[in-house]
Structure formats: structure tokens, C-alpha cells
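# Structural features, examined
This is what each chain is made of:
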Amino acid sequence: MAERIYIFDTTLRDGEQVPGCQLNSIEKVQVAKVLEELGVDIIEAGFPVSSPGDFNSVVEICKAVTEPSICVLSRAVQNDIDVAAQSLKHARRGRIQTGIGTSDYHIKYKFLSNREDILERAVMATRYARNLTEEVQFYCEDAGRTDNEYLARVVEAVIKAGATTINIPDTTGYCTPLEFGDKIRYLREHVDGIDKVMLSVHCHNDQGLATANTLQAIMNGARQIDVTVNGIGERAGNTALEEIAMILKGRSELGFETGIDTTRIYHASRMVSSLMNMPVQPNKAVVGRNAFSHSSGIHQDGILKMKETYEIIDPKDIGLEDNSIILTARSGHAALKHRLAELNIELTKEELDIAYEKFLRLADVKQDITDEDIMKIAGRDLNDIAPVRLDYLKAVSGTGVQTRAHVRLIVDGEYKSAIMRGNGPVDASIKCVKKIIGRKMLIREFFIQAMDKGCDDIGKVHMQVEYNGSRYYGFAADTDIVKASVLAFINAVNRFIK
Ligand code: KIV
Ligand code: ZN
């Protein structure tokens, strides 16, 4: 039987403290609900004493979320703990996380204090919090750089004072995996009462080791792990939820499981990224745009024969439709044939050879080979056959005018137009397209990327549109980003309307 690993998500606390990632209360509730659907066990909802806004958000999250426990952060200070307890009064299950720095760096230079005084403050804070809530999590800040013997003394003392979970953070991302695993094992072997509490770890990614350290901690006895969606968090971030969840799922021989519904990972990732204005790096493990894109000819050939040759995660397991084969100068005949088949084009062997020659010449000078290019290479023009085409677009916006757009489309050869208002020219124009098409479509992902740097630059728009439970990818590029956005939307629409 697999052993359960409890997921403590701190996207809304450690993640949200990153500059530029701040959310308002409504957005925080939205994220908390997505975390609940994802199946996290505990949500760290904020640091209530830090601001009235943070306090209110915690209150709202407690009202909105029913399944996970709600945890809030406090320093080892009575007022912090009082405010933390008040913020949790609507929680079905509330937890206070309190703690203090235990490394000599923190003791000597942050607190200008000594080990005995810090130990006493840790015990007082734990006792105080335990009088206010059933669940008390104690963190030893900078445990990664704390001397193991002293760390064990603090942990033992706070367990006696009533802590129910012990959190061991590698606050500065300093440890190597073996070192961190040894620290966890040391605590298990040297602390009285450690088996009666939950042992948790909280790793930072300063040296790119957060996931490895978390995994090693699990192998050595940690049963709760602190994570964030997309690995966001202070400085280089925290352990990424999606990475550890997929490792434990994919490598079942390790003998661990989580309660995460991994098919919701991609959705959660994109939602957090767009609400927090924090793009996911394209090569990010599990959720990056390129994580399931294959571009070299050898890889594409293998993938088309059997996915498992180059894919260890099934994209469907994280809620993605499928992998993608990116056509580049390194792609082979098989990849081109595959893309042509997706576009419903069948060529004879001779035609395919000619198309492949043309494709290679184009791929040498052009980075993004689009469906339109492929159609042209194969002697078809996408614009002539796409069921929906843009015929006319005019968007009016600026100061003192009401933003409006007028769009005319050719749908199956028939001209149809609409005029709509919106909260910006892109919004108004896309509303026009939606009105004309008349189907329920939701934009799930929307990226505008400049190719170069100047304001005369070409904007590339990547979009994912949800229709009837499936997602469709759209792409377009133009110097006019409103036009590029509309074309990307139409490009996605044409994938399901055929
Ligand atoms: O990194 C850290 O030490 C923390 C604690 C507050 C858990 O975020
Ligand atoms: Zn942290």
C-alpha cells in the first residue's frame, strides 16, 4: 500500500509575497477554489497580521473552501498569533503556523539573541497558539543551515509544548539532497515524540534543488510537503506542486501517493500564471509550453511510432489534450506527413518528397512554421479553405471614447458582421467574433509576446480556447496586436468548427 504524502500549498502565502504577484481577495478565493479542486490537503492562505487586506482574504477563503485545512502564518509573537486565530474563525479546520529562525545567522544577526532565548520564545509561541487552535504547525526558519543537534532540541521542546506539525524549511535553498535527507533522518532518530507529529518540509529553489530536496526528505520520513503551483515563491521559488505530484504518481515503485487530481494541474498552472502575471518559463518541467513539444527529427520520428520513446508523462495526466510536434528544420518526413494528415491533406510519396524539400528550404529561414505555411507548401491555401476568415476589423479605443469594435467575418462563404463594446479593443473585437460564431467559447490561455523589442515589433499571440470541454490552440502574428489576437482566436475556432 502506498503511503500518503500530504500536500501543503503555499501559493497564496510564499507565492503571493513575490513582487508583482499580489492578488486581491476575489482572486485569492478563485485560486483557493482551484487548489481545493486540485486536491491539496492544506492551503496556507496568508499572513493575516501583515495587512487588513490579507486578513480579509483569509476570512473569505475560510468561508469559500470546505475540504482542505486552512493554515495561516505568524511569527513567534503573541499579537501575530492572536490575529492569526481571529482570521480563522470561519474555517472548518484551521491551523496556525508559527515559528522562528533557528540558524546562528538568524539568532545572532536577525534577533541579536542566543540559542537559549530563541528556544524559550519557540516554546512560548507554540503553547500560546495551541491554546487558540487544535492544529499548530511550528517552523524552524533556516533549518537548512541550523546545526542538527540544536534543531533537534528546538523540535523536541515545541512538540512537548503542543505542536502538531513540525515544518523544516530550507529557507535559503542551501542544502544538497543527501544533506537535507540526512537532516530529516537525524530528527526522526534523535527527537522524542517525533512519531506523534506530522513532519513537514519547505524547500526553496535557490540552487535548483527544491524538488530533489523535497523528494529526499520524503524518502527519509517527511510526510507533509510545502509546495506552490508553478514553483513560485520568494526569490527562486519553492518546490513546484506539479513536479513532485507527477514524480510520485509516475514512479509508483517509490511507494507514495498524494491526493492531487493531476488532470487539473495544467488548468491550475495557467490560472495562477495569468492571475499573478507570472509567465511560466517555456521549458518549465511538467507545465512549460515546451514540456510536451518535440522538435528534433529523431525525437519526432520516435514519438510518432510510440509516444513512450521520448515521453515519460502522458500529457493527458496533467489535463493537456496531447503532445505537439513542432515543425523545424530538424523535422523529418514523418513529422511533415503527420501534420499534413492533421490538416486533412494526403499526398502521394512523390508529392510528399517535393513538399518536404520546400519545407526544408522554408524552415531554414523561418522559425515558426505555421499551418498556413504547410498548406501553401502542399499547394493549398488555408485562407481559401478555412471555414471562418477575417474580412474586416476596426477597433476604436483611447481616452474619452467608448471602446468599440466592428468585425466582419466570412463564415462558410457568407459575410457576417457584429459591433460590440468591450473593456479594451481586444475584448471588444473578440466579443464580435463570439457573437458571429454564436457558440460558447472561453479563452483559457492568452499570451502576447513581442518578437523583438521596439514598439514597431510583431506581436505573436498564443491562445487556448475551450469549446465543448476541449481546448484548441490558436496562433497568429501581426504588427497590430488587436488583429493578431482576433486572428489567433479565429485560428483556434477553425480547429473545431471544420
Ligand atoms: O522559507 C521559509 O522559511 C518560510 C517559513 C515561514 C515556513 O517560508
Ligand atoms: Zn519559504
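Refer to the structure presented above.
Scoring rules and cut-offs
- Residues numbered from 1 in each chain as written.
- Chains lettered and ligands numbered in written order.
- Predicted model: local features only at pLDDT ≥ 70, side-chain atom pairs only at ≥ 80, totals over all residues.
- Heavy atoms only, no water.
- Helix = DSSP H or I, 4+ residues; strand = E, 2+ residues; numbered from the N terminus.
- Buried < 20%, exposed > 50% of the residue type's maximum accessible area, 1.4 Å probe, protein only.
- Contact = heavy atoms within 4.5 Å.
- Areas by Shrake-Rupley, 256 points an atom, 1.4 Å probe, with all protein chains shown as cover.
- Lys, Arg positive; Asp, Glu negative; His and termini not counted.
- Charge placed at Lys NZ, Arg CZ, Asp CG, Glu CD.
- Pairing = 2+ DSSP bridges.
- Axes fitted to C-alpha atoms, helices over the stretch in contact; angles between N-to-C directions.
- Expected span 1.5 Å × (residues − 1).
- Core = buried A, V, L, I, M, F, W, Y, C linked by side-chain atoms within 4.5 Å.
- Phe/Tyr/Trp six-rings, centres within 6.5 Å; stacked < 30°, edge-to-face > 60°.

## Quick notes on the overall build of the protein chain
The number of helices and strands found in the protein chain is 18 helices and 18 strands. Along the three orthogonal principal directions, the C-alpha set of the protein chain runs to about 80 × 55 × 40 Å. Evaluated residue by residue, the protein chain yields a buried proportion of 51% over its 498 residues. A sequence separation of at least 24 residues applies to 64% of the contacts in the protein chain between residues at least 6 apart. Here the protein chain has roughly 23400 Å² of accessible surface; of this, 49% comes from carbon and sulfur atoms. When the 61 positive and 70 negative side-chain charges of the protein chain are each reduced to one mean point, those points stand 4 Å apart.

## Comments concerning the sheet that holds strand S15 (residues 414-421)
Here we have three strands laid out as an open sheet, ordered S13-S14-S15, and antiparallel in their pairing. If you trace the sheet from one side to the other, it starts and ends with strand S13 (388-396) and S15, each paired once. Direction aside, neighbouring strands of the sheet carry axes that sit 15 degrees apart on average. With eight bridges joining them, S13 and strand S14 (residues 404-411) adopt antiparallel strand pairing.

## A word on helix H17 (residues 425-437)
Helix length check: H17, at 13 residues, gives a terminal C-alpha distance of 19 Å against a target of 18 Å (1.5 Å per residue), a fit within 8%. Turning to H17, its buried residues number three or more, namely Val426, Ala428, Ser429, Ile430, Cys432, Val433, Ile436 and Ile437. Looking one or two residues beyond H17, the residue adopting positive phi is glycine 438, at roughly 70 degrees.

## Comments concerning the nonpolar core
Counting residues in hydrophobic clusters, the biggest one holds 90 residues, and the most contacted among them are Ile43, Ile70, Phe138, Val155, Ile166, Ile168 and Ile318. Considering every element that reaches this core, the biggest residue donor is helix H7 (residues 148-160), with eight residues. Contact partners of isoleucine 166, with chain neighbours within four places excluded, come to Phe138, Val155, Val158, Ile159, Val197, Met198, Leu199 and Ser200.

## So, the packing of aromatic side chains
Note on aromatic pairs: each is described by the distance of the centres and the angle between the planes. For the coordinates displayed, the defined rule picks out three aromatic pairs. Look at tyrosine 467 and phenylalanine 496: their rings are 4.3 Å apart centre to centre, the planes differ by 20 degrees, and that puts the pair in the stacked class. Of this pair, tyrosine 467 sits in strand S17 (residues 459-467) while phenylalanine 496 is found in helix H18 (residues 481-497), placing the two residues 29 residues apart along the sequence. An identical accessibility class is assigned to tyrosine 467 and phenylalanine 496; each is buried. Ring plane angle 55 degrees and centroid distance 4.9 Å describe the contact between tyrosine 472 and phenylalanine 496, whose orientation is recorded as tilted. Placement of the pair is tyrosine 472 in strand S18 (residues 470-478) and phenylalanine 496 in helix H18, with a sequence separation of 24 residues. Overall, the relative accessible area of 22% leaves tyrosine 472 in the partly exposed class. Through pairs of rings, three or more aromatic residues link up here, namely Tyr467, Tyr472 and Phe496.

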